[in-house]
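Fold and contact review
Read off the chains here:
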Amino acid sequence: MCRFPQVSYMLLCTLLSTTVFNSYSDEQAPEKPRVCIVGTGYVGLPTAGILSSFGNHVACVDVLSEKIAQINNGRLPIFEPGLEQLLQEPIKSGRLTFSTDVLSHMQRASIIVIAVGTPMSKNGAADLRAIDAVVEDLAKAITSYKIICIKSTVPVGTCAHVRDALIAKGINKDLFDIVSNPEFLREGTAVQDSLNPDRIIIGGNPRATTIIKSLYQPLIDKGSAYLITSLETSELIKYASNAMLATRITFINEMARLCDKVGANVLDVAAGMGMDKRIGTAFLVPGPGFGGSCFPKDTKALAYIMKNKKIGATLINAIYRSNVAHKKAILKQIDKLIGDFTDKKVALLGLAFKANTDDIRDSFAIDAIAYLLAHNAHVSAYDPQGMDNMRTLFPQVSYGPTLEAAVQGADLIVIITEWNEFKTLNVANLAQACRTKRLLDLRNIIDRATAEQNGFTYIGMGVCPVKKSAKMIH
Ligand code: UGA
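A few points on the structure. The structure displayed is predicted, hence computed values, not measured ones. (Residues numbered from 1 in each chain as written. Predicted model: local features only at pLDDT ≥ 70, side-chain atom pairs only at ≥ 80, totals over all residues. Heavy atoms only, no water.)

**Some words on the nonpolar core**
Within the largest apolar cluster, 62 residues are counted, with the highest numbers of intra-cluster contacts made by L348 and I413. L348 has contacts with A368, I369, L372, V379, S380, A381, Y382, V414 and I416, leaving out every residue within four places of it along the chain. Residues I131, C159, Y239 and A246 belong to the second largest nonpolar core, which totals 41 residues. (Core = buried A, V, L, I, M, F, W, Y, C linked by side-chain atoms within 4.5 Å. Buried < 20%, exposed > 50% of the residue type's maximum accessible area, 1.4 Å probe, protein only. Contact = heavy atoms within 4.5 Å.)

**Description of the site of the ligand**
Residues in contact with the ligand amount to 20 residues; listed here are only the nearest, F184, L185, K238, V285 and K354. Within the backbone of F353, a nitrogen or oxygen atom sits 3.2 Å from an oxygen atom of the ligand. Put simply, the parts of the chain that give the shell around the ligand at least two residues each are helix 11 (231–262) and helix 13 (295–308). Here the shell around the ligand takes 4 residues from helix 11, the largest share from any one element. (Near = heavy atom within 4 Å. Polar contact = N/O pair within 3.5 Å; in protein donor to acceptor, adjacent residues only side chain to side chain. Helix = DSSP H or I, 4+ residues; strand = E, 2+ residues; numbered from the N terminus.)

**Looking at the sheet that holds strand 10 (residues 378–382)**
An order of 11-10-9-12-13-14 is seen for the 6 strands of this open sheet, with the pairing classed as parallel. Each end of this open sheet is capped by a strand with a single partner; those strands are strand 11 (398–399) and strand 14 (457–459). Summarising the sheet, strand 10 and strand 11 pair through 2 bridges and their orientation is parallel. The partner of A381 across the bridge, within strand 11, is Y399. (Pairing = 2+ DSSP bridges.)

**Quick look at the packing of helix 6 (residues 129–141) against helix 7 (residues 158–168)**
Close contact between helix 6 and helix 7 brings their axes to 10 Å; oriented N to C, the two are set at 35°. Crossing angle aside, the handedness with which helix 6 passes helix 7 is right-handed. Of the residues in helix 7, those touching helix 6 at I131, D132, V135, L138 and A139 are T158, H161, V162, A165 and L166. Residues that form the contact of helix 6 with helix 7 fall into these classes: 7 nonpolar, 2 polar and 1 charged. (Axes fitted to C-alpha atoms, helices over the stretch in contact; angles between N-to-C directions. Left-handed = near helix turned anticlockwise from the far one by under 90°. Nonpolar A, V, L, I, M, F, W, Y, C, P; charged D, E, K, R; others polar.)

**What about the packing of aromatic side chains?**
Counted by the stated rule, this structure contains 4 aromatic pairs. For the ring pair F290 and F295, a centre distance of 5.9 Å and an interplane angle of 85° mean the geometry is edge-to-face. The exposure class of F290 is buried, given its relative accessible area of 4%. Residues F341 and Y371 carry aromatic rings whose centres are separated by 6.3 Å and whose planes lie at 80° to one another, so their mutual orientation is edge-to-face. In this pair, F341 sits in the loop between helix 14 (314–338) and strand 9 (345–349) while Y371 sits in helix 15 (residues 364–374), placing the two residues 30 residues apart along the sequence. Cluster of aromatic residues (ring-pair linked, three or more members): F283, F290 and F295. Between the NZ or CZ atom of R199 and the centre of the ring of F184, over which it lies, the distance is 3.6 Å. Across the ring face of Y320, the terminal group of K300 is positioned such that the distance to the ring centre comes to 4.5 Å. (Phe/Tyr/Trp six-rings, centres within 6.5 Å; stacked < 30°, edge-to-face > 60°. Lys NZ or Arg CZ within 6 Å of the ring centre and 35° of its normal.)

**Considering the packing of helix 2 (residues 44–53) against helix 4 (residues 83–93)**
Packing of helix 2 against helix 4 brings their axes to within 9 Å, and their N-to-C directions diverge by 45°. Considered as vectors, helix 2 and helix 4 are oriented oblique to each other. For the pair helix 2 and helix 4, the crossing hand works out as left-handed. Residues L45, P46, G49, I50, S52 and S53 of helix 2 pack against L83, L86, L87 and P90 of helix 4. Tallied by class, the residues present in the contact of helix 2 with helix 4 amount to 7 nonpolar, 3 polar and no charged. (Parallel < 35°, antiparallel > 145°, perpendicular 65-115°, else oblique.)

Quick look at the structure:
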């Protein structure tokens, strides 16, 4: 409910912008709003970078003191191309700061952006404990009007839940507004995605969405589309988008497995499908199944939400299951290739769930290492950025230190991540380093002919040549 019901919304928003952004009695009023971002992860940091580079005063806070100390000592806790450069100028100019003092920065801010993790809990639902912890702080911090902007991926109804929880804690409902503003950046291209988003989704009431929209005005002016919706619609747009992308990947991975059986080429299948403008080619690249911190947990969480609403999540559940089945099928393929794992060395190239990140969460590499170690294989691995993270999970693996060292004496090389440096590697040198020349290329980045000329038994993902004469398939 707005405080000035007799004023038109446009005028109200102008008034609020002035009130909100000029409410600093203890210092010279900044021209731009003071933003507090809670969470210094893969979403919080790029968001802090772009908002501060637009001239806003941004304080990025986190309860993890070692992370904040690391950043304040000039080292980022994550690897993300271009992020360091993006943060440099705002940090130098003092517009972007990092702190563990969550409460005082929340108090000083007019906009509080929540970018904390919502991982998968045991039953498949999103784990909202980090959101609940932020609500506790918000309840102490809200003494003047603030906009709480939820960027974390949260189940439909979470924004309303946060609003109700704050009111239940005695916060006057006119002292804050909740906005849903889901993030669509991808790890590995987070900076580019943040600077050039296809769309900006803002859910909430007009007074708050107008202010949040103005935060993104530089992007809108450059051509990014925006959509103002209700809280619930905005929350669901995020889940629906991730589920749709996961569906496309799952679909093409199933096609890849079929291509292997019928002697077709999945890359041409995807290209041919994509020529239909209604389909397009994006997210039709086969691989070792989708991983990362989003698609697996978000498909699960969406299925959980639907189950709660007594809607059969047939398709969404199938996507998740198909992805698991796809990963298992690849493990079976490794098994078939090696036979007896005793004294065999398997070299994994790539540990991150995708290129240009150090993130290994839900990467196929985890399934592969667990499987190979359980079968007593000797496992070596190389990844330009992901080795430190994987070492914490599997210290018994031999990590690098170089690609050459990892593949030395291998009986099978498995390419898991599509890093550029793997796309250009010298196949002849690779062949010389191996004990047995077998190459399982889960990203189709090595040329089959070159691999075979160098003596490799080459297996790609859905790009098998026809071995037998083609039969009519019904
Ligand atoms: C995904 C979405 O793409 C983002 O829009 C969203 O903001 C993000 O989740 C999130 O919810 O935070 P991300 O998980 O960082 O981004 O990375 P993607 O590029 O989407 O890749 C996800 C997985 O799918 C990776 O394992 C990747 O290798 C795989 N993938 C992707 C394929 O196997 N084939 C493709 O064609 C595309």
